[in-house]
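Spelled out, the chains give:
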Amino acid sequence: MRKFICLCCVICGLSASAKVRLPKFFSDNMVLQQQSECNLWGWTEPGKKVQVSTSWDNQSYISTTQKDGRFEVKVKTPKAGGPYHIAFKDGDELTLVNIMIGEVWICSGQSNMEMQMKGFKQQPVEGTTEELLRCKDASLRLFTVKRNASLIPVDDVTGHWDEANAASVRDFSATAYYFGRALRQTLGVPVGLIVTSWGGSACEAWMKADWLKAFPKVILPKSDADVKKLQQRCPTALFNGQMYPLVGYTMRGAIWYQGEDNVTRADYYADLMAAMVKGWRGEWKQGDFPFYYCQIAPYDYSLIKWEQYNSAFLREQQMKAETLIPNARMAVLMDAGLEYGIHPRKKREAGERMAILALSNTYGVKGLPDFAVYKSVEFKGDTAVVSFDRSKEWVYFENGTTSELFEVAGSDKVFHPATKVWIERNRVYVKSDKVNQPVAVRYAFKDWVQGDLMHDGLPVSSFRTDSW
């Protein structure tokens, strides 16, 4: 009898293993990218035929599993709508329900992307209470990838799709939520957000080993012990554990909020970031999909004993990255930092400013503001004249007619605070009583600063005209 029971258990186990298994992000409540050929995949017994049927058009797709049991299909999606269902049959049937068709975005980075609407302990997010009272939206869907650092690529993640409500939004990325909410309100279509982030993570952690060969300072992990020691700062570990499983999930684009961990090695961050985005795009095979990111907000890094580093150099590298990465734009947060906290409370500004970029540049929405950017400087006697691009509405000072955040230097390379700063039309004029012949200008080029140079309601990035 005992042998019979064991045999039955083995047979049942084999039967169970043959059923279709899907990655966690293919599940009830998910969002698929509209008007696309969406990739779907999973696993079952090798050599089996799997039929995938979609309710929006009553079409069926057949795939035969490979030796490793993996199957793949591409399904055509209609214009935004839902709810729909998808059935997977390999003899047994697995049906996913409450599926929406709309806009899908991948949201990644470190703690300021990860930071939930409820905030961190003793570190709140501004406006959370009011937002939780009105956030319920069955057409905004949220998925958070559980933290996982891995030496080798894995095939799945841990997480689940939720409709937006007070409970799900409270535990979801505040930055990503505000981004998605803005898209929902403006486009009027379902939106799906997949957040894969980890506080304190390095840019290098989100990259494959091959992409990092161009950066000799980066030391690749050789064992699980290396990953365990460095975790989210370990090169390749988060790409392997949290990004690789998502590769191929058909989406519109990606948003990114990271850089704080790279302040101590800012000198090559623009190239590093460009290599990361190029790598992601190569993996996804969706061309130069949109990539929008936040410039890190001002913060006093001396509070974590980084006195020798000025985070303005990292912000400068992020500004440079715009010129290196096709179809990418940066949201500026010079007015949304926190002097004593590396996790600013103003996550609405972060999310909505990336949404402005997406709505303007990806979806073609007219009438939204743009971020002006430093263009050039001309020196006329004792005065520096600074010009800007993307500034049709002209720049201005938030707090009046002047600013205390400009510095000028002469040929001795010593910077002095500007004693007179003013604006005429779309140019900023800067001079200092201590510099008769200026050769360089800097604006807000410090760790902590409350930016006051604005354009059309949006801040202008800190910048410098020198390369010292």
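Below is a summary of the structure that appears in this document. (Residues numbered from 1 in each chain as written. Predicted model: local features only at pLDDT ≥ 70, side-chain atom pairs only at ≥ 80, totals over all residues. Heavy atoms only, no water.)

What about the sheet that holds strand E14 (residues 373–380)?
Strand order in the open sheet formed by 4 strands is E14-E15-E20-E19, with antiparallel pairing between adjacent strands. Since the sheet does not close on itself, it has two edges, and those belong to E14 and strand E19 (420–424), each with one partner. Neighbouring strand axes in the sheet, compared pairwise and without regard to direction, differ in orientation by 25 degrees on average. The pairing of E14 with strand E15 (residues 383–389) spans 7 bridges and is classified as antiparallel. (Pairing = 2+ DSSP bridges. Helix = DSSP H or I, 4+ residues; strand = E, 2+ residues; numbered from the N terminus. Axes fitted to C-alpha atoms, helices over the stretch in contact; angles between N-to-C directions.)

Here we look at the nonpolar core
In terms of nonpolar packing, the biggest core is built from 138 residues, with Leu-32, Trp-256, Trp-280, Phe-291, Phe-406, Val-428 and Leu-453 touching the most fellow members. Among the elements that line this core, the one with the most residues is helix H8 (residues 269–284), at 10 residues. (Core = buried A, V, L, I, M, F, W, Y, C linked by side-chain atoms within 4.5 Å. Buried < 20%, exposed > 50% of the residue type's maximum accessible area, 1.4 Å probe, protein only.)

Some details on the pairing of strand E21 (residues 440–443)
Side chains Ala-440 and Arg-442 project from E21 onto one buried face, and the interleaved Val-441 and Tyr-443 project onto a second face that is buried too. Pairing geometry for strand E17 (residues 406–409) and E21, over 4 bridges, is antiparallel. Bridging across to E21, Glu-407 finds its partner in Arg-442. As judged from the 2 bridges shared by E21 and strand E24 (residues 463–464), these two strands associate in the antiparallel manner. Considered in E24, the bridge of Arg-442 is made with Arg-464.

Thoughts on the sheet that holds strand E16 (residues 395–397)
Strand-to-strand pairing in sheets goes through backbone hydrogen bonds, with the strands running parallel or antiparallel. Ordered by their spatial adjacency, 3 strands build an open sheet running E16-E22-E23, and the pairing between neighbours is antiparallel. The open sheet has two edge strands with one neighbour each: E16 and strand E23 (458–459).

A look at the packing of aromatic side chains
In this structure the tally under the stated criterion is 32 aromatic pairs. Measuring from centroid to centroid gives 5.5 Å for Trp-56 and Tyr-84, while their planes differ by 75 degrees, and the two rings are edge-to-face. In this pair, Trp-56 sits in the loop between strand E3 (49–54) and strand E4 (59–64) while Tyr-84 sits in strand E6 (residues 81–89), placing the two residues 28 residues apart along the sequence. Taken together, Tyr-374, Phe-388, Phe-397, Phe-406, Tyr-443 and Phe-463 form an aromatic cluster joined through their ring pairs. Stacked on the ring of Phe-289, the Lys or Arg Arg-281 has its end atom at 5.6 Å from the ring centre. (Phe/Tyr/Trp six-rings, centres within 6.5 Å; stacked < 30°, edge-to-face > 60°. Lys NZ or Arg CZ within 6 Å of the ring centre and 35° of its normal.)

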